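Residue-level structure breakdown
Here are the chains, one letter per residue:
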Amino acid sequence: YLKKSKILLLFKIILIVVFLIYLIYFYLNNKSKYTGNEKEIIGTIIDVEYKNNKTSVILKAKEKILVNIYDIIELKIGEKIKVSGNLKIPNKNTNFNLFNYQNCLLSKKIYFIMNASSIEKIDTKIKWYYDLKQKIIDRINNYDYVKAFVIGDTSSLEMNSYRIIGISHLFAISGMHITFITLILDKILKRISKKEIPNNILIFTFLFFYMFLTSFSVSVMRASLMFIFLKFNKIFNLNLKTFEVLSLIFILLIFINSYYIYSVSFQFSFTVSAYFFLIYITFT
């Protein structure tokens, strides 16, 4: 037991050192792969939103770019397109402590916006996982509340009335939703089969697909990874505390994108999780 504790302590120290080195390297070297002078971008559509007679597309090329098309154009996730226009850096907040659009996009690893003057479809052959995601979205597209609850898309809802009465947060996909779904799945699978490993593989597969379906929402990733890490902690008898697992997930997500720190979802998700954990250990 002592030997195992020493190994875990050494692992934690190494992890913290590597994390600090990475943060220094990231902030010294992090920059866009584009210069900002490019006039044409070719990439794959990974998200589409229609709002106020405007089509907004997140395009995956050398990096993700937000493309605004001031017209309603039927586009599908997974299609390869070429857009022409001028790249520009998103605006920061003009007033102190107000919403910072630039930081919001950076939390999604988007450095540039393009207001497209023209668009051309290069390849309409869609990979199966993009096609499946598009079919699910099309299936629930006419049911605004279902779309909000399943994939967190509230663009079709008139949210002003919900904000006034203070329940707009109920339409956001949160860790509570993921915990509820995984517990139900876990119970159902245990009734069907007592084999824990196949059951866990099925749940893990569902969680990874759901992360993809919600465009890797930070709160969904935090809750999904929490479930997966806790399962691994139990299976391999690592004896990690829940707060340590939460810290590992925090470090992992920051490794993926250090700008997640600007995401309000990221801040609330980890703050609330840590807060409830502290309450739990205080009163138990």
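In this report, we go over the structure that sits alongside the text.

Here is what the cut-offs are and how they apply
- Residues numbered from 1 in each chain as written.
- Predicted model: local features only at pLDDT ≥ 70, side-chain atom pairs only at ≥ 80, totals over all residues.
- Heavy atoms only, no water.
- Phe/Tyr/Trp six-rings, centres within 6.5 Å; stacked < 30°, edge-to-face > 60°.
- Buried < 20%, exposed > 50% of the residue type's maximum accessible area, 1.4 Å probe, protein only.
- Lys NZ or Arg CZ within 6 Å of the ring centre and 35° of its normal.
- Patch = residues over 30% accessible without salt bridge, like charges linked within 9 Å, V, L, I, M, F, W, Y side chains within 5 Å.
- Areas by Shrake-Rupley, 256 points an atom, 1.4 Å probe, with all protein chains shown as cover.
- Salt bridge = Lys/Arg side-chain N within 4 Å of Asp/Glu carboxyl O.
- Helix = DSSP H or I, 4+ residues; strand = E, 2+ residues; numbered from the N terminus.

Right, let's talk about the packing of aromatic side chains for a bit. The final tally for this structure, using the stated rule, is 16 aromatic pairs. Both rings, one in Trp128 and one in Tyr129, keep their centres 5.6 Å apart while their planes meet at 85°; by these two values the pair is edge-to-face. Residue classification places Trp128 among the exposed positions, given a relative accessible area of 64%. Look at Tyr129 and you get partly exposed, because its relative accessible area is 28%. It is Lys133 that lies over the ring of Phe212; its NZ or CZ is 5.1 Å from the centre.

The next subject is unusual backbone geometry. Residues other than glycine seldom take positive phi values, yet Ser215 does so here, at roughly 55°. Since its relative accessible area comes to 33%, Ser215 is described here as partly exposed.

A cluster of nonpolar side chains, contributed by Leu9, Ile13, Val17 and Ile21, occupies part of the molecular surface with about 370 Å² of accessible area. Inspection of the secondary structure assignment puts Val17 in helix H1 (residues 2–29). Classification of Val17 as partly exposed rests on a relative accessible area of 44%.

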